[in-house]
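Given next are the chains, with one letter for each unit.
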Amino acid sequence: QVTLRAGAELDARRVNQYTLILRAACPGEDEVEERLFVRVTAGHVLRCDPPFASTEGDVVQVLADVAPRTPLYAVLPQPLGGLTGFPSPSFLQFSLQNHNTPLSLTRRGLVLAPDNGFDPSKDTQMFRLEIEVMDRHGHNCSGAVRVEVLPSRRPRVTFPEPHRAVTVTEGIGPWEVVTQVHARGDNVRYAILAPVAPALFTIDEVTGEIRSTRRLEVTRAHLLIRAYNALHPDDHATGTVNVTVQGTDRRAPRCAPAIFVSQVPETVSPGSTLVTLRCTDSTSTDGCLHYALEGPPSSRSHFCMEGPQLKVNTTLDYDSEAMAALGFQFTATIVVTVAGQPLQSTRVPVLVTVTPVNEFRPACPNGATFTVPETAAFGSVVGRVAGTDRDYPLDSLEYSLEGGYGPAQPFSVDPRTGEIRVVGPLDFQQQKSYRLVVRLTDTHNDLDLRKRQSRLCDVSVRLQAVRDQLPVCIPEVQELRITAGSPGSRQPVTRLVCHSSPDSAVLTYNIVGGNEDGRFRLEGNTLVYLPSDRAEPHPFVLLVEVWGGSGAHRRSSVVALVVHVTPRSTPVPPSTTTQHTTLQKEPLVVMLTEAVWHPPAWFVVVLTISGALLLATLGCMAWNLLCR
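Residues numbered from 1 in each chain as written. Predicted model: local features only at pLDDT ≥ 70, side-chain atom pairs only at ≥ 80, totals over all residues. Heavy atoms only, no water.

### Digging into the overall build of the protein
Selection criterion: Each helix is a run of H or I in the DSSP string that is no shorter than four residues. Each strand is a run of E no shorter than two, and both are numbered from the N terminus. The buried label goes to any residue with under 20% of its type's maximum accessible area, the exposed label to any with over 50%, and the partly exposed label to all in between, with areas taken from a 1.4 Å probe on protein chains only. Contacts were defined at the residue level, with two residues in contact if any of their heavy atoms lie within 4.5 Å. Each accessible area value is a Shrake-Rupley result obtained with a 1.4 Å probe; residue values ignore everything except the protein chains displayed when judging cover.
Across its full length, the protein carries 4 helices and 44 strands. When burial is assessed residue by residue, the protein has 36% of its 628 residues classed as buried. For the protein, the share of sequence-separated contacts (at least 6 apart) that also reach a separation of at least 24 residues comes to 65%. A total accessible area of about 37700 Å² is found for the protein, and carbon and sulfur atoms account for 53% of it.

### Examining the nonpolar core
The condition is simple: The definition of a nonpolar core used throughout is a set of buried Ala, Val, Leu, Ile, Met, Phe, Trp, Tyr and Cys residues joined through side-chain atoms within 4.5 Å.
Counting 29 residues, the largest nonpolar core has Leu274, Phe303, Leu310, Leu316, Ile334 and Val336 as the members making the most contacts within it. Within the residue set of this core, elements represented by two or more residues are strand S20 (260-265), strand S21 (273-276), strand S23 (289-294), strand S24 (303-306), strand S25 (309-312), strand S26 (329-338) and strand S27 (341-355). If one sorts the elements of this core by residue count, S26 sits on top with 5 residues. One finds Val60, Leu96, Ala113 and Phe118 within the second-largest nonpolar core, a separate group that totals 26 residues.

### Some points on the pattern of salt bridges
Going by this rule: By definition here, a salt bridge exists when the distance from a side-chain nitrogen of Lys or Arg to a carboxyl oxygen of Asp or Glu is within 4 Å.
Applying the stated criterion across every chain, the model contains 17 salt bridges. Residue Asp458 is joined to Arg435 by a salt bridge in which the shortest nitrogen-to-oxygen separation is 2.8 Å. One end of the pair, Asp458, is in strand S34 (residues 454-464); the other, Arg435, is in strand S33 (residues 433-442), and 23 residues separate them in sequence. Of the residues examined, Asp458 reaches a relative accessible area of 47% and is grouped as partly exposed. A relative accessible area of 57% means that Arg435 is categorised as exposed. Of the charged contacts in the structure, one is a salt bridge between Glu523 and Arg490, with a shortest N-O distance of 2.5 Å. Here the residue Glu523 occupies a position in strand S40 (residues 520-523), and Arg490 occupies one in the loop between strand S36 (477-483) and strand S37 (491-495), the gap between them amounting to 33 residues. Among the residues examined, Glu523 registers a relative accessible area of 30% and is labelled partly exposed. Salt bridges linked by common partners bring Arg490, Arg521 and Glu523 together as one network.

### Thoughts on the sheet that holds strand S41 (residues 526-529)
For clarity, the threshold we go by: Strands were regarded as paired on the criterion that DSSP finds at least two bridges between them. Note on method: axes are straight lines fitted to C-alpha atoms, helices fitted across the in-contact stretch only, with angles between N-to-C directions ranging 0 to 180 degrees.
With antiparallel pairing, the 3 strands of this open sheet are ordered in space as S37-S41-S40. The two strands at the open ends of the sheet, each matched to only one other strand, are S37 and S40. When the angles between neighbouring strand axes are averaged without regard to direction, this sheet yields 30°. Pairing of S40 with S41 involves 4 bridges; the strand directions are antiparallel.

### Thoughts on the sheet that holds strand S5 (residues 71-74)
If you walk across this open sheet you meet the 3 strands as S5-S9-S8, and the pairing is antiparallel. In this open sheet, the two edge strands, each paired with only one partner strand, are S5 and strand S8 (104-105). Two elements, S8 and strand S9 (residues 110-112), share 2 bridges in a ladder whose sense is antiparallel. What sits directly across from Leu105, in S9, is Val111.

### Let's talk about the UniProt feature "transmembrane region" (unreviewed entry) in the protein
Under the convention used in this document: UniProt positions are given in the numbering used here, feature names are shortened, and annotations may be inferred rather than shown by experiment.
Under the present numbering, the feature "transmembrane region" (unreviewed entry) in UniProt falls on residues 601-626. A helix fraction of 100% and a strand fraction of 0% characterise residues 601-626, whose end C-alpha atoms lie 38 Å from each other.

### Points about the packing of aromatic side chains
Convention followed: Note on aromatic contacts: the rings of Phe and Tyr and the six-membered ring of Trp form a pair at centre separations within 6.5 Å, being stacked when their planes are under 30 degrees apart, edge-to-face when over 60 apart, and tilted otherwise.
Using the criterion set out here, one finds 9 aromatic pairs in the structure. Each ring, one from Tyr318 and one from Phe328, has its centre 4.0 Å from the other, and the planes form 15°; the classification is stacked. Placement of the pair is Tyr318 in the loop between S25 and helix H3 (321-325) and Phe328 in the loop between H3 and S26, with a sequence separation of 10 residues. On the basis of an interplanar angle of 50° and a centroid distance of 5.0 Å, the ring pair of Phe520 and Tyr529 is categorised as tilted. Each member of the pair, Phe520 as well as Tyr529, carries the same accessibility label: buried.

### Topic: the state of the cysteines
To keep things clear, this is the line we draw: Here, the term disulfide refers to a pair of cysteine sulfur atoms separated by no more than 2.5 Å.
Evaluated as defined, the whole model comprises 4 disulfides. Disulfide partner of Cys48: Cys141, at an S-S distance of 2.0 Å. Classification of the bridge connecting Cys48 and Cys141 rests on its S-S torsion, roughly 75°, and on that basis the disulfide is right-handed. Taken together, the residues span a long stretch of sequence, with Cys48 in strand S3 (residues 47-48) and Cys141 in strand S11 (residues 140-150) at a distance of 93 residues. Taken as a pair, Cys48 and Cys141 share a single burial class, namely buried. Between the sulfur atoms of Cys255 and its disulfide partner Cys279 the distance amounts to 2.1 Å. Residues Cys255 and Cys279 are joined through a disulfide that is right-handed, its torsion about the S-S bond being 115°. Placement of Cys255 in strand S19 (residues 254-256) and of Cys279 in strand S22 (residues 278-280) is noted, with a sequence separation of 24 residues between them. Here the cysteine-cysteine linkages of the protein are recorded as 1-2, 3-4, 5-6, 7-8, numbering only bonded cysteines and doing so in sequence order.

### A look at unusual backbone geometry
Following Ala194, the chain continues to Pro195 via a peptide bond in cis, the omega torsion being 0°. Turning to its location among the elements, Pro195 is positioned in the loop between strand S14 (188-194) and strand S15 (201-203). Pro257 follows Ala256 through a cis peptide bond whose omega is 0°. Although it is not a glycine, Arg69 sits at a positive phi angle of roughly 60°. Position of Arg69 among the secondary structure elements: in the loop between strand S4 (58-63) and S5. Assessed through its relative accessible area of 43%, Arg69 is described here as partly exposed. Although it is not a glycine, His444 sits at a positive phi angle of roughly 55°.

### Let's talk about the environment of Ala165
Here Ala165 is to be found in strand S12 (residues 163-169). Residue classification places Ala165 among the exposed positions, given a relative accessible area of 67%.

### Observations concerning the environment of Val147
Its place among the elements puts Val147 in strand S11. According to the relative accessible area criterion, Val147 is buried, its value standing at 0%. Through-space distance from the C-alpha of Val147 to that of Gln61 is 5.9 Å; in sequence the pair is 86 residues apart. Once you skip the residues sitting within four places of it in the chain, Val147 turns out to touch Val60, Val62, Leu72, Leu103, Gln125, Met126, Phe127 and Leu129.

### Here we look at a nonpolar patch on the surface
Selection rule: Nonpolar side chains (Val, Leu, Ile, Met, Phe, Trp, Tyr) are joined into patches within 5 Å and like charges within 9 Å, using only residues with over 30% relative accessible area and no salt bridge.
A surface patch of nonpolar side chains, amounting to about 620 Å² of accessible area, comprises Val2, Leu4, Leu10, Val15, Tyr18, Leu22, Leu36 and Val38. Elements represented by at least two residues in the nonpolar patch include exactly strand S1 (17-24) and strand S2 (32-39). Relative accessible area serves as the criterion here: at 54%, Val2 is assigned to the exposed category.

### Re the side chain of Thr240
One can find Thr240 in strand S18 (residues 236-246). Owing to a relative accessible area of 16%, Thr240 belongs among the buried residues under this scheme. Setting aside its immediate chain neighbours within four residues, Thr240 contacts Pro162, His163, Arg164, His222, Leu223 and Leu224.

Encoded structure:
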């Protein structure tokens, strides 16, 4: 048994035949030697590039501070390294053979950095990925990629002032800046570590501004601030901020939160509580506090106050023009007063944003059947698939054609409008109708893109046969008289007026008779005379063949032109215009004969049987040679 060595690659373009010498011997007998010829034929083989398919594998170097999930290497396309012989990675499958690596491989053949990035504190790191590539026919190849992670050269995050003390006066309103911290480094972000759930202060993660979340009263606060690199969270530093709030006279209630901003889905049920205010007053109990909702009528109709609780009053329908006119947002103000006294009141701004929920599936149109002539040009519009979707924005759909473009379905669909266009040849004789499957997918109907819904719609396209007619020229026979110009000049004689069906068909013209001396030529549908030194009048009878249609449907007709050419030397009044005379059809009869050989049926049968016997004889002879 002769097998192919492991790891061997055959290339018919380099070596297309191997000669193997086989020796065999039985005990007590002479050794026998024979040759085995192995012929290699060219076929579809999936090959990997030499750097990627080599034993060591391809090498890529990156810095340790590269962002998480950054593409580091692409198996396709070239020249980044990868495969040859396949035009698109969408037909390939990439699989990672070794899983003891923090790097990941996408379905498109991209090697990505770890989700949390590389550890910048380590020295040079090396990772090896063994990747197998397979196409849809089962052909595969494999290779390796070595990722060398170099130490980072970026500066570390530090606090120039790790400890800070700030003193402010009570009565500072919500969202006012108390102080600001600053750290050195790249891509610095800020966060409050302690207290874990800060009730009085918040920090802007980009600018480092510390703001109050409600109206401040006399208190002391100890904040632990962390500054970190957004791309490398392990690179961080900590600092402390001590905030002292000095007391003053106060009369209005103090509420938390001081500002309420929220997002709610449109499916939230009426009666749901959005927020419960926690308000206190130094001279009164909670039972003396009154809560009221102020704002536009739309806000007061959709929300209501039940004590300190802000609740949903009616359904929040995102899929309506009324909600779109509001910008899908409601603004209001909760007024908290002490014993109904306006002078002792606190106002809590409220901003509620309604978010969409993908509730409905797209709907297919009724009776999606279109008719298109078989002569439709490339890009012609066949029809439009008018899908609908009740989610707002209404009818926000994407269209795609299942199966894609191909000989079996020479159409495409516009992804935005749903228009079906012709992108391939149509032939009524080969196929009279097509059944297309169009996928409708809704867009922008939910914050979670994974909740998109789709539906498959059947579309029928029927071809309309177009009957090819002979080109028609008016008139079919013309008699013309011209006076020859100077030799070497170009003299237009007449312009043929012909048309075909369909009207968009391109016509071609050719002189097939009567132009033996080559004095006439056609420029499109214009007949041109090339004067010579001929001294005597001479009539020419020209036959012009006009072709119309395309492919196997081309048909032609013949126009007869009788041209009388008068030399300039003859005493004939000079003529600058062409005289056209329409003759009767009887004086000129044009006969065109086309020879076509149609063999009889018995000849085709005998020829087929003879060819089969010849192939069988050649096969037997080849088999006998191989057996010897």
